[in-house]
Amino acid sequence: ALASTAAKAAAAAAAGADDVVVAARAAPLPALPPADLVFDPIGGRLTAPLLAALAPGGRYLVVGFVGGIAEVDFASVARCQVEIVGVRAGEYARRDPAGGAANLAEIDALAPCLVPHIGLRAPLAAARDAFAVMAEGRLTGKAVVDC
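Residues numbered from 1 in each chain as written. Predicted model: local features only at pLDDT ≥ 70, side-chain atom pairs only at ≥ 80, totals over all residues. Heavy atoms only, no water.

Caption draft 1: Quick look at the confidence of the model for the chain. Mean pLDDT over the chain stands at 91; residues scoring 70 or higher make up 100%. Within the chain, the element-level pLDDT minimum falls on helix α4 (residues 89-95), averaging 86, and the maximum on strand β6 (residues 118-123), averaging 96. (pLDDT = per-residue confidence, 0-100. Helix = DSSP H or I, 4+ residues; strand = E, 2+ residues; numbered from the N terminus.)

What follows is the structure in structure tokens.
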């Protein structure tokens, strides 16, 4: 797991992360341990070092790009023998409704095992404040806005 604060790193470790690396949001990334899989919802400046950390045969899942869209050195990707996979569950279900339904059934079966870390609960009237906490990177876990 890659976390921007010690508190977030502790939460990741408590959730079962084998390795946790702390890197402040604007700081250069420290050396990263080899990884078989990278699940990246951030992108941007993290893309190149996370790709470089992949072990041969590893997979890099492009889940989002809130940090921006990075340029990728495809020659490096080929030399390292890694895969880059775009992940967009909603799009998959639109293109393959039966496959999407099967995936959803599998996710539903796993759901009782998942216990998200709720770092913030807010009433609907304070939703703007909850989004500000997320945008500033001060949230550990998920935010829940109650209606």
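Caption draft 2: Up close: helix α6 (residues 127-135). Buried within α6 we find A127, A130 and V133. Angularly, the buried residues of α6 cover 115° about the axis, an arc narrow enough to put them on a single face. Across from the buried face of α6, at angles greater than 90 degrees, the exposed residues are R128, D129, F131 and A135. In the core, the buried residues of α6 are packed alongside β6 and β7 (142-146). Backbone geometry just downstream of α6 places G137 in the positive-phi region, at approximately 75°. (Buried < 20%, exposed > 50% of the residue type's maximum accessible area, 1.4 Å probe, protein only. Arc of directions from axis to C-beta. Contact = heavy atoms within 4.5 Å.)

Caption draft 3: Just the sheet that holds strand β5 (residues 83-86), in detail. Overall, parallel pairing links the three strands, which are arranged β3-β4-β5 in an open sheet. In this open sheet, the two strands that pair with only one neighbour each are β3 (35-40) and β5. Along the sheet, successive strands turn relative to each other by an average axial angle of 15°, direction set aside. As paired elements, strand β4 (residues 54-62) and β5 share four bridges and run parallel to each other. Pairing of R59 across the sheet is with E83, part of β5. (Pairing = 2+ DSSP bridges. Axes fitted to C-alpha atoms, helices over the stretch in contact; angles between N-to-C directions.)

Caption draft 4: Seen up close, a nonpolar patch on the surface. Together, F39, V63 and V87 make up an exposed nonpolar region whose accessible area comes to about 250 Å². As for its placement among the helices and strands, F39 is situated in strand β3. Classification of F39 by relative accessible area gives exposed; the value is 54%. (Patch = residues over 30% accessible without salt bridge, like charges linked within 9 Å, V, L, I, M, F, W, Y side chains within 5 Å. Areas by Shrake-Rupley, 256 points an atom, 1.4 Å probe, with all protein chains shown as cover. Salt bridge = Lys/Arg side-chain N within 4 Å of Asp/Glu carboxyl O.)

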